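# Inside the fold
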Amino acid sequence: MWYYLTDELYNQFLLSFNLLKNNDIKKVKKIIYYLVNNINNNYISFEIPKRNGKMRCIHEPSYLLKNIQRNILNNVLVDMKVSKYAKAYQKKVSLIDNALPHINKKIVLKLDIKDFFDNINFYLVYTKCFREELYPKKMGVLLTNLCMLNNELPQGAPTSAFISNIVLRDFDEYIGKYCDNLNISYTRYSDDLTFSGDFDVTELIKLIKSELAKYRFKLNYDKIRIIHHSKRQIVTGIVVNEKLSVKKVYKKKIRQEIYYIKKWGIDNHLKKIKCVDKNNYLNKLTGRINYVLQIENNNQEFKNYLEFLRQVS
């Protein structure tokens, strides 16, 4: 397809991506090829704790590489289609959208893809995002290299989240249509797969395992959860048994803080908890209340809390 693409046209094509906001092709090529050949030196790696107590490795790109990756995201990847079943890393799509399809279902099945980002390799990214049908091979390889680290999709790069959705688009569509035919609700939030309805759990897990294997992914069997309606069904932190609601323990902690603010006054309360930044504390507490109201928008109790905080701030 690109047989007749001259060097001049290739250069114009590359500049059209506006990766560096610079029209000097020699300078652009020099910087990009430098980054590709020194990719490891353009990341800082560190660990942050997961909710389960384990550590997650984050790879933060250098300022220059991060800007180029943002331009790849906004100028190259932006128009690529993502499945409607994917509910993470998209504008105007939230945790609520991931939970809504699973309200009041007999069974909720939660699955997890093991080492999700680490197993999205160069081949997957190239063939799903930058393949030769879309870009000259040399350019596709170049763009892929700018988004990878040690043959993995680095958590911390601005391109990684959106790329993960593109990589799994065909998987999402196949599983989504299969589930639709059996009246099963399916959503995927990053590496979390959620299914709900009345179905044969064993058969569905077997299918998911088989389809994921085509991408060299594996299920994390330690995280398989089968939750019947008689138990509390939680999808990405939201209770879905009868309607969308926030976990009781989350709301209880907010109630306790409001109680102590009313009892002692905001300044004395902050002294007792040894907090020196009043504005930061109030902003965070307001954010937590707004989160509850986003899910439970008719909760008058938390509307009153919000009004109370406005008065004390």
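The preceding data block contains the structure.
About the cut-offs
Residues numbered from 1 in each chain as written. Predicted model: local features only at pLDDT ≥ 70, side-chain atom pairs only at ≥ 80, totals over all residues. Heavy atoms only, no water. Helix = DSSP H or I, 4+ residues; strand = E, 2+ residues; numbered from the N terminus. Buried < 20%, exposed > 50% of the residue type's maximum accessible area, 1.4 Å probe, protein only. Areas by Shrake-Rupley, 256 points an atom, 1.4 Å probe, with all protein chains shown as cover. Lys, Arg positive; Asp, Glu negative; His and termini not counted. Charge placed at Lys NZ, Arg CZ, Asp CG, Glu CD. Salt bridge = Lys/Arg side-chain N within 4 Å of Asp/Glu carboxyl O. Polar contact = N/O pair within 3.5 Å; in protein donor to acceptor, adjacent residues only side chain to side chain. Contact = heavy atoms within 4.5 Å. Patch = residues over 30% accessible without salt bridge, like charges linked within 9 Å, V, L, I, M, F, W, Y side chains within 5 Å. Axes fitted to C-alpha atoms, helices over the stretch in contact; angles between N-to-C directions. Parallel < 35°, antiparallel > 145°, perpendicular 65-115°, else oblique. Left-handed = near helix turned anticlockwise from the far one by under 90°. Phe/Tyr/Trp six-rings, centres within 6.5 Å; stacked < 30°, edge-to-face > 60°. Lys NZ or Arg CZ within 6 Å of the ring centre and 35° of its normal.

## Overview of the overall build of the chain
Tallying secondary structure elements over the chain gives 13 helices and nine strands in all. Considered along the principal axes of its C-alpha atoms, the chain spans approximately 75 × 50 × 30 Å. Among the 313 residues that make up the chain, the fraction classed as buried is 45%. With the model as given, the accessible surface of the chain reaches about 18000 Å², and the carbon-plus-sulfur share is 49%. The positive charge centre, built from 53 side chains, and the negative charge centre, built from 31, are 6 Å apart in the chain.

## Side note on unusual backbone geometry
Phi is positive for Tyr89, which is not a glycine, with a value near 65°. Inspection of the secondary structure puts Tyr89 in the loop between α3 (63–77) and α4 (95–99). In this structure, Arg216 takes a positive phi of about 65° despite not being glycine. Summarising the element assignment, Arg216 is placed in the loop between α9 (201–213) and β6 (225–228).

## Considering the pattern of salt bridges
According to the stated counting rule, one finds twelve salt bridges in the structure shown. For Lys128, the salt bridge goes to Asp170, with nearest N and O atoms at 3.1 Å. Here Lys128 is found in helix α5 (residues 122–129), whereas its partner Asp170 is found in helix α8 (residues 169–181), with 42 residues between them in sequence. Bridged by salt links that share partners, the residues Lys128, Arg169 and Asp170 form one connected network.

## A word on the side chain of Asn241
Its place among the elements puts Asn241 in the loop between β8 (238–239) and β9 (245–246). At 2.7 Å, the side chain of Asn241 forms a polar contact with the backbone nitrogen of Gln233. Excluding residues within four positions of it along the chain, Asn241 makes contact with Ile103, Asn104, His229, Lys231, Arg232 and Gln233.

## Brief notes about a positive patch on the surface
A cluster of basic side chains, namely Arg51, Lys54, Lys114, Lys218, Lys223 and Arg225, defines a positive patch on the protein surface. With respect to the helices and strands, Lys114 occurs in the loop between β3 (107–112) and α5. Residue Lys114 is classed as partly exposed on the basis of its relative accessible area, which comes to 41%.

## Here's the deal with the packing of α5 against helix α6 (residues 137–146)
Viewed as axis vectors pointing N to C, α5 and α6 meet at an angle of 125°, and their least axial separation amounts to 10 Å. With respect to each other, α5 and α6 are oriented oblique. Between α5 and α6 the crossing geometry is right-handed. Contacts from Phe122, Val125 and Tyr126 of α5 reach α6 at Lys137, Gly140, Val141, Thr144 and Asn145.

## Considering the packing of aromatic side chains
Scanning the entire structure with this criterion turns up 15 aromatic pairs. Ring geometry for Phe302 against Tyr305: centres 5.0 Å apart, planes inclined by 70°, an arrangement best described as edge-to-face. With Phe302 and Tyr305 both in helix α13 (residues 300–312) and three residues apart, this pair spans about one turn of that helix. Relative accessible area serves as the criterion here: at 0%, Phe302 is assigned to the buried category. A relative accessible area of 11% means that Tyr305 is categorised as buried. Ring pairing ties together the aromatic residues Tyr89, Phe116, Phe117, Phe171, Tyr215 and Phe217, which thus form one cluster. Seen from the ring of Phe308, Lys262 lies directly overhead, with NZ or CZ sitting 5.2 Å from the centre. Stacked on the ring of Trp264, the Lys or Arg Lys272 has its end atom at 4.4 Å from the ring centre.

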